[in-house]
Amino acid sequence: MKKSTVIIILIVYLASIVVIGFFGMKVKVYDKVKYVQSIEMSVQAEQEEMFEFTSMGVDANTQNHRYKLTIYFSSYHLQDSQGNSYLPVILIPHITYDTGDVAGESESIVYKIVSNTDYEGMGKVSLSKRGELRCFDSPMVFNVFVSPEKSSLVGSSAMIEVWVV
């Protein structure tokens, strides 16, 4: 190869690096992974006298928020179209990410009833994917475990001890 050919190839190579560096593509991360840091709960019902909701602090072992929900079924139950008595309570999560951002409606939450007795199978209680808890009978005691569906940090869940009286 001639000396002039090598110099031309080298100049074109260096010029292409400069042009691509100047006009090149910039990489943006659109789907960042946000880790759920904590879930704090609140409860809503038709009347505030239907329930009593108190925070029990943070569990020392799991670092999860703990709550106690007392539902006064006998005083405030409603009737559905088939004549069944029930009391609806809505569990509302307040989600905080590790970045400090607060989650909107897009965060998926998993609600799970934990109990020695299968109250859901017996038809005494139902819990929807959106957090609507319906109690059809009393007295009973069970726990509701609230956790994020996606990635989370240790202690990012919540446990609600439910007493239906």
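Cut-offs and rules
Each chain carries its own residue numbering, running from 1 in the written order of its sequence. The predicted origin of the model limits local features to residues at a pLDDT of at least 70 and limits the giving and counting of side-chain atom pairs to 80 or more, whereas totals for whole chains, interfaces and linings rest on all residues. Water and hydrogen atoms were dropped before computing side-chain values, which therefore reflect all heavy atoms in the structure. Put simply, DSSP H or I for four residues or longer makes a helix, DSSP E for two residues or longer makes a strand, and each gets a number counted from the N terminus. Burial status follows relative accessibility: with a 1.4 Å probe on protein chains alone, a residue under 20% of its type maximum counts as buried, one over 50% as exposed, and anything between as partly exposed. Here, residues are in contact when the closest pair of their heavy atoms is within 4.5 Å. Values of pLDDT, ranging from 0 to 100, describe the predictor's confidence in every residue of the model.

## Things to note about the side chain of S38
Phase 1 of the analysis: Structurally, the position occupied by S38 is in strand β1 (residues 36-44).
Phase 2 of the analysis: On the accessibility criterion, S38 (13% relative accessible area) is buried.
Phase 3 of the analysis: What S38 contacts, discounting residues up to four positions off in sequence, is H65, H94, I95, T96 and S156.

## Here we look at unusual backbone geometry
Phase 1 of the analysis: Here the phi dihedral of Q63 falls at roughly 65°; this positive angle occurs in a residue that is not glycine.
Phase 2 of the analysis: When you line up the elements, Q63 lands in the loop between β2 (51-58) and β3 (65-71).
Phase 3 of the analysis: Its relative accessible area of 41% is what places Q63 among the partly exposed residues.

## A short note on the confidence of the model for the protein
Phase 1 of the analysis: When pLDDT is averaged along the protein, the result is 84; 91% of the residues meet or exceed 70.
Phase 2 of the analysis: Averaged pLDDT values for the elements of the protein fall to 73 in helix α2 (residues 73-76) and rise to 93 in β3.

## Here we look at the environment of T96
Phase 1 of the analysis: Of note, T96 is situated in strand β5 (residues 85-97).
Phase 2 of the analysis: Placed 60 residues apart in sequence, T96 and S156 show a C-alpha to C-alpha distance of 8.9 Å.
Phase 3 of the analysis: Filtering out sequence-adjacent residues up to four positions away, T96 remains in contact with V36, Q37, S38 and D101.

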